[in-house]
Amino acid sequence: MNNRSKHNRIKYCITFMLAFALFADSYGQTGSAGTTHRKNKLTEVMHYSDTANASADKIWYYYENVHLWPAWDEAMKWGKIKGKFEVGSHGVFKTKMGMKIKFKLISVTPDIEFASISPMMGATVYVYHNLEQISENETRITHRVYMGGPMKKIWLVMFNKDLPGKGVKKIIQLVENE
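Draft legend 1. The arrangement of the overall build of the protein chain in detail. Of the regular secondary structure elements, the protein chain holds five helices and seven strands. Of the regular secondary structure in the protein chain, the N- to C-terminal order runs α-β-α-α-β-β-β-β-β-β-α-α. Here the protein chain holds 178 residues, and 35% of them are scored as buried. Considering only contacts in the protein chain between residues 6 or more positions apart, those separated by 24 or more positions represent 50%. Of the roughly 10500 Å² that the protein chain leaves accessible, carbon and sulfur atoms contribute 54%.

What follows is the structure in structure tokens.
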């Protein structure tokens, strides 16, 4: 795909999302003053769990080294973080579709879990990664994606719902073949 057609596709998607946001502004109101809109609530939109024959610290290596995220996330071209892999650190990654997405680490417990938040146009994406050590060389990996905001339904159309599962499977493949 050439740059012009990619630019036109992105421009079309943004135009569509803006139009939908204007149309959907009243969607989900409960009807009484002061109540929250359903569209702004956080919803789990994807999750996947599987077990790896590897220790949690071996898997954690692929999490804390953001530049390695493309090795297990097929939608990602590259990833960077400013500073250490700790709560409050900011980073950015670029998707293979050309979008640069900023993220902030909101929870980090080495060898156990980390969570990030990414503001998107009209939505916020929360991604949660959890490692549960079952035995010395067996770890349950869980990836969950939550979304909130008035345009979450539009973003869901654009998201590959298989990504959490593919990411977990790829991490298992990487750590079990070392």
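Draft legend 2. Just the nonpolar core, in detail. By size, the foremost hydrophobic cluster in this structure holds 35 residues, and its most contacted members are Ile-59, Tyr-63, Trp-69, Phe-85, Phe-114 and Ile-141. With five residues, the single largest contributor to this core is helix H2 (residues 56-64).

Draft legend 3. Here's a closer look at the packing of aromatic side chains. With the rule as written, the count across this model stands at eleven aromatic pairs. Relative to Phe-103, the ring of Trp-69 has its centre 5.1 Å away and its plane inclined at 35°; by these criteria the two rings are tilted. One end of the pair, Trp-69, is in helix H3 (residues 69-72); the other, Phe-103, is in strand E4 (residues 100-109), with 34 residues separating them in the sequence. Residue Trp-69 shares its accessibility class with Phe-103, and that shared class is buried. Seen in terms of ring centroids, Trp-69 and Phe-114 are 5.8 Å apart; in terms of plane orientation they differ by 20°. Their pairing is stacked. With Trp-69 in helix H3 and Phe-114 in strand E5 (residues 113-120), this pair connects stretches of sequence that are 45 residues apart. You'll find Trp-69 and Phe-114 in the same group, each marked buried. Grouping aromatic residues by their ring pairs yields a cluster made of Trp-60, Tyr-63, Trp-69, Trp-72, Phe-85, Phe-93, Phe-103 and Phe-114. In this structure, Lys-80 packs its charged tip against the face of Trp-78, placed 4.7 Å from the ring centre.

Draft legend 4. Up close: the confidence of the model for the protein chain. With 75% of its residues at a pLDDT of 70 or more, the protein chain has an overall mean of 79. Within the model, the stretch residues 11-40 combines pLDDT values under 50 with 32 contacts to residues more than four positions away or in other chains.

Draft legend 5. H2, seen in detail. Among the residues making up H2, those that are buried are Ala-56, Ile-59, Trp-60, Tyr-62 and Tyr-63. What you see down the axis of H2 is that its buried residues fit within an arc of 155°, all on one side.

Draft legend 6. Region of the structure containing the environment of Gly-122. On the secondary structure map, Gly-122 appears in the loop between E5 and strand E6 (123-135). In this structure, the C-alpha to C-alpha distance between Gly-122 and Lys-152, residues 30 residues apart in sequence, is 7.1 Å.

About the cut-offs
Residues numbered from 1 in each chain as written. Predicted model: local features only at pLDDT ≥ 70, side-chain atom pairs only at ≥ 80, totals over all residues. Heavy atoms only, no water. Helix = DSSP H or I, 4+ residues; strand = E, 2+ residues; numbered from the N terminus. Buried < 20%, exposed > 50% of the residue type's maximum accessible area, 1.4 Å probe, protein only. Contact = heavy atoms within 4.5 Å. Areas by Shrake-Rupley, 256 points an atom, 1.4 Å probe, with all protein chains shown as cover. Core = buried A, V, L, I, M, F, W, Y, C linked by side-chain atoms within 4.5 Å. Phe/Tyr/Trp six-rings, centres within 6.5 Å; stacked < 30°, edge-to-face > 60°. Lys NZ or Arg CZ within 6 Å of the ring centre and 35° of its normal. pLDDT = per-residue confidence, 0-100. Arc of directions from axis to C-beta.

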